[in-house]
Amino acid sequence: MPSRLLSVPTVAALLDVNRRTVYRLISTGDLPVVDLRTGPERSRVRIPADGLEEFISSRAVVPPAARRR
């Protein structure tokens, strides 16, 4: 089954950032998108939930205290 698709405002809320930041992450290729064309000059993008999870995982940082072991 295909990954669930999330809107830009939903992703912005989940990441606690504004929509412009989400569009910036899309433009740099950090977030994958599915483009749902709604007309010749309009596009509507959605972010696959799996892609968002991968993005979050790739940005996870191990706390310094855990590294000392």
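Reading guide: rules and limits
- Every chain is numbered on its own, with residues counted from 1 as its sequence reads.
- Under the rules for a predicted model, residues below a pLDDT of 70 receive no local features and side-chain atom pairs below 80 are neither given nor counted, while totals for whole chains, interfaces and linings still include all residues.
- Based on all heavy atoms of the structure, the side-chain values leave hydrogens and waters out of the count.
- The way it works is that DSSP assigns letters per residue, a run of H or I at least four long becomes a helix, a run of E at least two long becomes a strand, and they are numbered from the N terminus.
- Only the C-alpha atoms count toward the radius of gyration. The rule for a globule is 2.2 Å times the residue count to the power 0.38.
- The buried label applies to any residue whose accessible area, calculated with a 1.4 Å probe on protein chains only, is under 20% of its type's maximum; exposed applies above 50%, and partly exposed to all values in between.
- Note on definitions: a residue-residue contact is assigned when non-hydrogen atoms from the two residues lie within 4.5 Å.
- All accessibility values rest on the Shrake-Rupley procedure with a 1.4 Å probe; residue burial counts only the protein chains present in the view.
- By definition, two strands form a pair when at least two bridges between them are found by DSSP.
- For patches, a residue must show more than 30% relative accessible area and have no salt bridge; joins then use 9 Å for like charges and 5 Å for nonpolar side chains, namely Val, Leu, Ile, Met, Phe, Trp and Tyr.
- Here, a salt bridge means any Lys or Arg side-chain nitrogen found within 4 Å of an Asp or Glu carboxyl oxygen.

1. Some remarks on the overall build of the chain
Here comes step 1: For the chain, the count of helices and strands is four helices and three strands.
Here comes step 2: In the chain, the order of α-helices and β-strands from amino to carboxyl end is β-α-α-β-β-α-α.
Here comes step 3: Over its C-alpha atoms the chain spans a radius of gyration of 15 Å, topping by over 25% the 11 Å that the globule rule assigns to 69 residues.
Here comes step 4: Each of the three principal axes of the chain carries a C-alpha extent, and together these read 55 × 30 × 20 Å.
Here comes step 5: Considering the chain as a whole, with its 69 residues, one finds that 23% of them fall into the buried category.
Here comes step 6: Of the contacts formed within the chain by residues at least 6 apart in sequence, a portion of 42% connects residues at least 24 apart.
Here comes step 7: Accessible surface computed for the chain: about 5500 Å², of which carbon and sulfur atoms make up 51%.

2. As for the pairing of strand S3 (residues 43-48)
Here comes step 1: Pairing analysis gives two bridges linking strand S1 (residues 5-6) to S3, with the strands arranged antiparallel. Paired with Leu5 across the two strands is Pro48, which belongs to S3.
Here comes step 2: Two strands pair when backbone bridges link them, and strand S2 (residues 34-37) and S3 are joined in this way by four bridges, in the antiparallel orientation. Of the residues in S3, the one forming a bridge with Leu36 is Arg44.
Here comes step 3: Connecting S2 to the next strand, S3, in antiparallel fashion are five residues.

3. Things to note about a nonpolar patch on the surface
Here comes step 1: The grouping of Leu5, Val34 and Leu36 at the surface amounts to a nonpolar patch, some 210 Å² of accessible area in total.
Here comes step 2: Looking at where Leu36 falls in the secondary structure, it is placed in strand S2.
Here comes step 3: For Leu36, a relative accessible area of 37% translates into the label partly exposed.

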